[in-house]
Amino acid sequence: MNRFDCPPITEEEKELFRQAFVPAKLRKRQYLLQAGDQSKYFALIVKGAMRQYSVDDKGNEHIVRLGVEGWWMGDRESWVMGSPSQYHIDAWEDTDMLLVTRANILELLKKTRIIGEMMRQLDERNYIANQRRLTSTISATAEKKYLDFVECYPALVERFPQHIIAAYLGITKDTLSRVKRQLLQK
């Protein structure tokens, strides 16, 4: 079974996808997008890991998204609206990806039945994840945030260092260290 509840892709659709998605590579720490630039592409991560973040006036990074194989990475607002991005997106590991432009996605929507269903399902999952994260950020303790993160994203725990995970959770790395120590003592 595939990740989506969609009918199988036809050979014609496979060819349309091959034409729409362009393979690309980033070295570790290389940018897909920098704040102030317009997001021209969305990236499907084939191999590697990426992060999306903003930097405040004090130089602190605020992680918005982390991504690994099979995940999408991009600034959707900038991609859809054509506006400058407020985010940086870089490769945390050497990363292979498939890039797609908005124009190519819109063309695929016209020509294939499956891309619309895939996008709908991605949007639903993204909405649910964002809603859960917002609720957690507003009301959960540091321990609960970390436990939820580990439960939902075990692959990310292995791929990203503690200071990145702490920034994603909106806590300090010292707080995360304390939480992990307390959990080991239980």
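For the structure, see preceding data.
Thresholds, definitions, all that
- Residues take numbers from 1 onward in each chain, read along the sequence in its written order.
- Totals for whole chains, interfaces and linings use every residue, but because this is a predicted model, local features are given only for residues with pLDDT of at least 70 and side-chain atom pairs only at 80 or more, for both listing and counting.
- Only hydrogens and water are set aside when side-chain values are computed; all heavy atoms of the structure are taken into account.
- When a carboxyl oxygen of Asp or Glu is within 4 Å of a side-chain nitrogen of Lys or Arg, the pair counts as a salt bridge.
- The helix and strand labels rest on DSSP assignments: H or I over at least four residues marks a helix, E over at least two residues marks a strand, and numbering proceeds from the N terminus.
- Lining residues are defined by having an atom within 4 Å of a point belonging to a cavity or pocket. Those points lie on a 1 Å grid over the protein atoms alone, cavities being sets where a 1.4 Å probe fits but cannot get out and pockets being open sets with protein on both sides within 12 Å along at least five of seven lines.
- Grid points are joined across faces, edges and corners, and a volume is the space filled by probe spheres set on the points.
- When residues are grouped by polarity, Ala, Val, Leu, Ile, Met, Phe, Trp, Tyr, Cys and Pro land in nonpolar, Asp, Glu, Lys and Arg in charged, and all others, Gly among them, in polar.
- The axes are straight lines fitted to the C-alpha atoms, using for helices just the contacting stretch, and the angles between their N-to-C directions are given from 0 to 180°.
- Oblique is the label for any angle not under 35 degrees, not over 145, and not in the 65 to 115 range, which are roughly parallel, roughly antiparallel and roughly perpendicular in turn.
- A contact between two residues is defined here by any heavy atoms of the two lying within 4.5 Å.
- Think of a nonpolar core as a cluster: buried Ala, Val, Leu, Ile, Met, Phe, Trp, Tyr and Cys residues, connected wherever their side-chain atoms sit within 4.5 Å.
- Only protein chains enter the area calculation, which uses a 1.4 Å probe; residues under 20% of their type maximum are buried, those over 50% are exposed, and those in between are partly exposed.

A.B. asks: Help me get a handle on the pattern of salt bridges, residues and values and all.
C.D. replies: For side chains of opposite charge, pairing can occur when their charged atoms come near one another. Overall, the coordinates contain 14 salt bridges when judged by the stated rule. Between Arg120 and Glu124 there is a salt bridge whose closest N-O contact spans 2.4 Å. With Arg120 and Glu124 both in helix 4 (residues 114-139) and four residues apart, the pair spans about one turn of that helix. The residue Asp148 makes a salt bridge to Lys144 at a minimum N-O spacing of 2.8 Å. With Asp148 and Lys144 both in helix 5 (residues 142-152) and four residues apart, the pair spans about one turn of that helix. Each of the salt bridges in this network shares a partner with another, and the network as a whole consists of Arg51, Glu61 and Asp90.

A.B. asks: Tell me about the layout of surface pockets, and name the residues and values.
C.D. replies: To locate leftover empty space, one rolls a probe as large as a water molecule over the atoms. By volume, the largest pocket amounts to about 1,400 Å³. If one sorts the elements of the lining of the largest pocket by residue count, helix 4 sits on top with 15 residues. Considered class by class, the residues forming the lining of the largest pocket number 20 nonpolar, nine polar and eleven charged.

A.B. asks: If you had to explain the packing of helix 1 (residues 11-20) against helix 3 (residues 102-111) to someone new, which residues and values would you point to?
C.D. replies: With their axes 10 Å apart at the nearest point, helix 1 and helix 3 run at an angle of 170 degrees to one another. One way to sum up the angle between helix 1 and helix 3 is to call them roughly antiparallel. Counted together, Leu16, Phe17 and Ala20 of helix 1 and Asn104, Leu108 and Lys111 of helix 3 form the full contact between these two elements. Tallied by class, the residues present in the contact of helix 1 with helix 3 amount to four nonpolar, one polar and one charged.

A.B. asks: Give a description of the nonpolar core that names residues and reports values.
C.D. replies: Of all hydrophobic cores here, the largest spans 19 residues; its most connected members are Leu66, Phe149, Phe160 and Leu169. Counting only elements with at least two residues in this core, the list comes to strand 4 (49-55), strand 5 (61-68), helix 5, helix 7 (162-169) and helix 8 (173-185). With five residues, helix 7 is the single largest residue contributor to this core. If sequence neighbours within four positions are ignored, Leu66 has contacts with Met50, Arg51, Trp71, Met73, Phe149, Leu156, Phe160, Ile164 and Tyr168. Counting 13 residues, the second largest nonpolar core, distinct from the first, contains Phe21, Leu108, Ile114 and Ile115.

A.B. asks: Outline the side chain of Ser78, supporting the account with residue identities and numerical values.
C.D. replies: With respect to the element layout, Ser78 can be found in helix 2 (residues 76-81). Here Ser78 falls in the buried class, since its relative accessible area comes to 1%.

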